[in-house]
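Structural description and commentary
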Amino acid sequence: MSAVFDPRALAGRAGIVTGAASGIGRATVQALVAAGADVLAADLDAAGGEETVKLAAGTGSSSFAPVDVAEESCVDALVATAVERFGKLDFAHNNAGVVFAGSPLHEVTNEDWERLVAVDLTGVFYCMRAEIGAMLESGGGSVVNTASGVGVVGLPGQGPYVAAKHGVIGLTRVAALDYAAKGIRVNAVCPGSIETPLFDEAAAADPGLRPLIEAGHPIGRLGRSPEIADAVVWLVSDASSFVTGQPIVVDGGYTAQ
Ligand SMILES: NC(=O)c1ccc[n+]([C@@H]2O[C@H](COP(=O)([O-])OP(=O)(O)OC[C@H]3O[C@@H](n4cnc5c(N)ncnc54)[C@H](O)[C@@H]3O)[C@@H](O)[C@H]2O)c1
């Protein structure tokens, strides 16, 4: 749970979190609601999304909305639902993503490439385009895209994922410049390796994985989803009012090496 924000810091603010059924998105919904925001928690996974809504407690509120971020019409409908419900759109955390199992570039299939880019990059583009349209109508807002530590450095065997996350940072910078004078800030959060159910599963199958990943992070451990959520809440809030166009890296020192 967020340690930083008072329970009314985002009172009266309303917005969307995608990828809200699990991991970082779930923790962000919890942190936003704890800080007083009203949140549409969107995901492909309805059961997980409803569970997030149950777990979110605070002076704000949340409800689940289905979305496939790789489908333009689905994203447009999500943003329309938010505007209908809240009468405006103050923030959006574009966080839904899929991972790539990994292979050297000459073995990457078209299917792998297209799926990664469709969700992790085109999905962010569809979301930003619709959200920024709504924010222009309601007089401004804050967009936070989830990129990755590997949005700023490379990682062997992860061509589609690394390319998509670099793309997210490029799009973030351009949107920040396009709308800086119109009251819309656009930033990216770049997590290092974060402890999620998916990681625990992989670590259980491969006992060498956890020590390897921990050794790669100078802080000596994986990150936790609430540590990313706190950065998102800060980027949504007025505490970051002079910050736009930035990849905010939260990675235990991984990219400092
Ligand atoms: N966990 C990490 O170590 C880590 C590190 C860097 C970046 N990230 C990024 O953080 C974001 C969240 O990842 P996470 O670790 O919480 O993973 P996660 O798998 O726990 O959560 C991702 C969520 O996105 C949803 N999703 C997937 N495809 C979707 C689609 N097409 N439409 C709507 N929802 C969809 C899933 O249902 C899931 O609930 C991703 O963008 C990921 O790339 C994660």
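Shown above is the structure to which this text applies.
Quick look at the structure, then. (Residues numbered from 1 in each chain as written. Predicted model: local features only at pLDDT ≥ 70, side-chain atom pairs only at ≥ 80, totals over all residues. Heavy atoms only, no water.)

Here we look at the site of the ligand
In the vicinity of the ligand lie 26 residues, with Ser22, Ile24, Asp43, Tyr161 and Ile194 positioned nearest. Contact between the ligand and Lys165: an oxygen atom at 2.9 Å from a side-chain N or O atom of the residue. One can see that the ligand is located within the largest pocket. For the shell around the ligand, the elements supplying multiple residues, two or more each, are α1 (23-34) and α5 (159-179). Broken down by class, the residue content of the shell around the ligand amounts to twelve nonpolar, ten polar and four charged. (Near = heavy atom within 4 Å. Polar contact = N/O pair within 3.5 Å; in protein donor to acceptor, adjacent residues only side chain to side chain. 1 Å grid on protein atoms, 1.4 Å probe; cavity = no way out; pocket = protein on both sides within 12 Å on 5 of 7 lines; lining within 4 Å. Sits in = over half its atoms within 2 Å of the grid points. Helix = DSSP H or I, 4+ residues; strand = E, 2+ residues; numbered from the N terminus. Nonpolar A, V, L, I, M, F, W, Y, C, P; charged D, E, K, R; others polar.)

A look at the pairing of strand β4 (residues 91-94)
On β4, burial covers both faces: Phe91 and His93 on one face and Ala92 and Asn94 on the other are all buried. Pairing analysis gives three bridges linking strand β1 (residues 14-18) to β4, with the strands arranged parallel. If you follow Ile16 over to β4, its bridge partner there is Ala92. Read as a crossover between parallel neighbours, the route from β4 over helix α4 (residues 110-138) to strand β5 (residues 141-146) is right-handed. (Buried < 20%, exposed > 50% of the residue type's maximum accessible area, 1.4 Å probe, protein only. Pairing = 2+ DSSP bridges. Right-handed = clockwise from strand over helix to strand, strands pointing away.)

Observations regarding the state of the cysteines
Think of a disulfide as a covalent bridge from one cysteine sulfur atom to another cysteine sulfur atom. Scanning the entire structure with this criterion turns up zero disulfides. Not part of a disulfide, Cys74 finds its nearest cysteine sulfur in Cys127, a span of 10 Å. Residue classification places Cys74 among the partly exposed residues on the basis of a relative accessible area of 28%. (Disulfide = S-S within 2.5 Å.)

Focus: the sheet that holds β4
Pairing is parallel across the open sheet formed by seven strands, whose spatial order is β3-β2-β1-β4-β5-β6-β9. The open sheet has two free edges, formed respectively by β3 (61-66) and β9 (247-250), since each of these has just one partner strand. Taking each pair of neighbouring strands and ignoring which way they run, the sheet shows an average axis angle of 20°. Across the sheet, α4 is in contact with β1, β4, β5 and β6 (184-191); its angle to β5 comes to roughly 175°. Where helix α8 (residues 225-236) meets the sheet, its contacts fall on β4, β5, β6 and β9, and the angle it forms with β6 comes to roughly 170°. (Axes fitted to C-alpha atoms, helices over the stretch in contact; angles between N-to-C directions. Contact = heavy atoms within 4.5 Å.)

In short, shape yes, function no, at least from these values alone.
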